[in-house]
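Structural characterization, general
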Amino acid sequence: MSDTFPIRKIIHVDMDAFYASVEQMDNPGLIGKPLAVGGSETRGVVSAASYEARKFGVRSAISGALAKRLCPELIFVKPRYDRYKEISKQVRRIFNDYTDLVEPLSLDEAYLDVTENKKGNPSASLLAEEIRTRILNEVGISASAGISINKFIAKVASDYNKPNGQKTVNPEEVLEFLEALDIRKFYGIGKVTAEKMYQKGIYTGLDLKRKTLEYLQSNFGKSGNYYYHIVRGIHNSEVKPNRIRKSLAAERTFNENLSSEIFMLERLKQIAEEVSRRLKKSNVAGKTITLKIKYSDFTLQTRSKTLPYFISDDAIILETAKDLLYQEKMSNSVRLLGISISNLNTEKKKTPKIEKPISVQLEFKF
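A brief look at the structure comes next.

Quick notes on the rules
Residues numbered from 1 in each chain as written. Predicted model: local features only at pLDDT ≥ 70, side-chain atom pairs only at ≥ 80, totals over all residues. Heavy atoms only, no water. Buried < 20%, exposed > 50% of the residue type's maximum accessible area, 1.4 Å probe, protein only. Helix = DSSP H or I, 4+ residues; strand = E, 2+ residues; numbered from the N terminus. Contact = heavy atoms within 4.5 Å. Pairing = 2+ DSSP bridges. Axes fitted to C-alpha atoms, helices over the stretch in contact; angles between N-to-C directions. Parallel < 35°, antiparallel > 145°, perpendicular 65-115°, else oblique. Left-handed = near helix turned anticlockwise from the far one by under 90°. Nonpolar A, V, L, I, M, F, W, Y, C, P; charged D, E, K, R; others polar. Patch = residues over 30% accessible without salt bridge, like charges linked within 9 Å, V, L, I, M, F, W, Y side chains within 5 Å. Areas by Shrake-Rupley, 256 points an atom, 1.4 Å probe, with all protein chains shown as cover. Salt bridge = Lys/Arg side-chain N within 4 Å of Asp/Glu carboxyl O. Lys, Arg positive; Asp, Glu negative; His and termini not counted. Charge placed at Lys NZ, Arg CZ, Asp CG, Glu CD. Phe/Tyr/Trp six-rings, centres within 6.5 Å; stacked < 30°, edge-to-face > 60°. Lys NZ or Arg CZ within 6 Å of the ring centre and 35° of its normal. Polar contact = N/O pair within 3.5 Å; in protein donor to acceptor, adjacent residues only side chain to side chain.

Overview of helix H1 (residues 18-26)
Counting buried residues in H1 gives seven out of nine residues, a clear majority hidden from the surface. Elements that come into contact with the buried residues of H1 comprise strand S1 (10-15), strand S2 (35-37), strand S3 (48-49), helix H2 (51-54), strand S4 (75-77) and helix H4 (81-96).

Digging into the sheet that holds strand S9 (residues 247-258)
Note: strands within a sheet are paired through backbone hydrogen bonds, in either parallel or antiparallel orientation. Read from one edge to the other, the open sheet built from four strands follows the order S9-S12-S10-S11, with strand pairing classed as antiparallel. With one partner strand each, in any of the chains shown, S9 and strand S11 (300-311) form the two edges of the open sheet. Direction aside, neighbouring strands of the sheet carry axes that sit 15 degrees apart on average. Pairing geometry for S9 and strand S12 (residues 334-344), over eight bridges, is antiparallel. Within S12, the position partnered with Arg252 by the bridge is Leu337.

Here we look at the pairing of strand S5 (residues 102-106)
By the bridge criterion, four bridges tie S5 to strand S6 (residues 109-113) in an arrangement that is antiparallel. Directly across from Val102, in S6, lies its bridge partner Leu112. Linking S5 to S6, which pair antiparallel, is a turn of two residues.

As for the packing of helix H10 (residues 213-220) against helix H11 (residues 223-230)
H11 packs onto H10 with a crossing angle of 140 degrees between their chain directions and a minimal axis gap of 7 Å. Of the possible angle classes, the one that applies to H10 and H11 is oblique. Considering only the axes of H10 and H11, their crossing is right-handed. The residues of H11 that touch H10, namely those facing Leu213, Leu216, Gln217 and Phe220, are Ser223, Gly224, Asn225, Tyr227 and Tyr228. Per-class residue counts for the contact of H10 with H11 are five nonpolar, four polar and no charged.

Things to note about H11
Residues Gly224, Tyr227, His229 and Ile230 constitute the buried set of H11. On its buried face, H11 is in contact with helix H6 (151-157), helix H7 (174-180), helix H8 (191-199), helix H9 (205-209) and H10.

Structural notes on a positive patch on the surface
Together, Lys85, Lys89, Arg93, Arg245 and Lys281 line one region of the surface with positive charge. A total of three residues in the positive patch trace back to one element, the largest contributor, which is H4. Tracing the backbone shows Arg245 in the loop between H11 and S9.

Focus on the packing of aromatic side chains
All told, the structure shown has eleven aromatic pairs when counted by the stated rule. Arranged with centres 4.2 Å apart and planes meeting at 10 degrees, the rings of Tyr19 and Tyr84 form a pair that is stacked. A residue pair is termed long-range when its members are at least 10 positions apart, and Tyr19 in helix H1 and Tyr84 in helix H4 qualify at 65 residues. According to the relative accessible area criterion, Tyr19 is buried, its value standing at 19%. Seen in terms of ring centroids, Phe220 and Tyr227 are 5.8 Å apart; in terms of plane orientation they differ by 80 degrees. Their pairing is edge-to-face. A relative accessible area of 11% places Phe220 in the buried class. Residue Tyr227 is classed as buried on the basis of its relative accessible area of 4%. Pairwise contacts between aromatic rings join Phe152, Phe186, Phe220, Tyr226 and Tyr227 into one cluster. Between Lys155 and the ring centre of Tyr187, over which it is positioned, the NZ or CZ distance is 4.8 Å.

Brief notes about the pattern of salt bridges
This structure, assessed with the given rule, holds 23 salt bridges. Arg134 serves as the salt-bridge partner of Glu138, at 2.7 Å between the closest nitrogen and oxygen. Taken together, the residues Glu138 and Arg134, both in helix H5 (residues 124-139) and four residues apart, mark about one turn of the helix. A salt bridge links Asp182 to Arg184; its shortest N-O distance comes to 3.0 Å. When salt bridges that share partners are traced, they join Glu23, Asp26, Arg80, Arg83 and Glu86 into one network.

Quick look at the side chain of His12
Tracing the backbone through its elements, the reader meets His12 in strand S1. Taking the relative accessible area as the measure of exposure, His12 reaches 0% and is therefore buried. A distance of 2.7 Å separates the side chain of His12 from the side chain of Glu109, its partner in a polar contact. At a separation of 2.8 Å, a polar atom in the side chain of His12 contacts the side chain of Ser158. Residues within four places of His12 in sequence aside, it is in contact with Leu105, Glu109, Ala110, Tyr111, Ser144, Ala145, Gly146, Ala154, Lys155 and Ser158.

Points about the packing of helix H12 (residues 261-282) against helix H13 (residues 314-325)
Across the interface, H12 lies against H13 with an axial gap of 8 Å and an inter-helix angle of 140 degrees. By the angle between their directions, the pair H12 and H13 is classed as oblique. As for how H12 packs across H13, the hand of that crossing is right-handed. On the side of H12, the interface is formed by Met264, Leu265, Leu268, Lys269, Ala272, Glu273, Val275, Ser276 and Leu279, while H13 contributes Asp314, Ile317, Leu318, Ala321, Lys322 and Leu325.

Thoughts on a nonpolar patch on the surface
Where nonpolar side chains cluster on the molecular surface, the patch consists of Phe56, Leu66 and Leu70 and spans about 240 Å² of accessible area. On the secondary structure map, Leu66 appears in helix H3 (residues 64-70). A relative accessible area of 31% means that Leu66 is categorised as partly exposed.

Shown next, in the form of structure tokens:
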């Protein structure tokens, strides 16, 4: 390991059960009760769950019907995305009081580079605590934070003491922290990959670290290079305030399964109009249209087509989506349709970067 890596002070802030927390804040009668945002007892998918509901195994992305079986007392509320965006903007204004290097990942989480900050405070840990306190006092909901030398470790650390807590991984603690970590906790290692690693005897960061780069590339493809470096604390990605959008989408889950293509086309028209509105609001256009179809048996299918020109017009989006819908016969009734636009005119070609080995400067205080 060399001395070429610039040590940064990165905070990852993650709002606790964001959608559910906003609903409980706005409706105190829901405080302390198991709550699911989105879905219903019979239809739809859960978008978020309160911590009271999570105790029963209720999680985002599971069906409302399953959530209800897991937690019979579960309360469902419809999502209010405009309200969540409003709260998210309030939180980001607090972030900007500390640094201009803020990279939002979604409405409820962001990276902050506070290596140099507006408060002149050398302690990233104290800054994170102050930010979390302000969010609680000024906005009304709690947040957790991870603090470390790069985005990857900060992201992992923010889950460590949830809810309403924080975890600092100091430079001298990085390698020990990662070696002891269950590979399921590594950001970027999903459920399927974790199971594959388990089958190969890789259970912890230390197990992963013992594998050669060649072994990881052979068994996990291009991702092997990523795994090899992150377990060694190497993640050179900077906090980028202006993240380039790579796609834009809208989808609808229906109250009743659709088997008629006429009804599907009616819904597609509405979805295409919504996608077009979002594209124009963001002042972007795209070439690749993808139709997402989820059948009544929960199997998922996507069909894509790339046009020779950028588009944002709802009529063209709809016509392309129609072509994709008619591309092959439906295998079942449909519970969800979605349209996404990618290959946007905001994307830039990237030149490949060579990862460099790093060293940890032990005197760097957090």
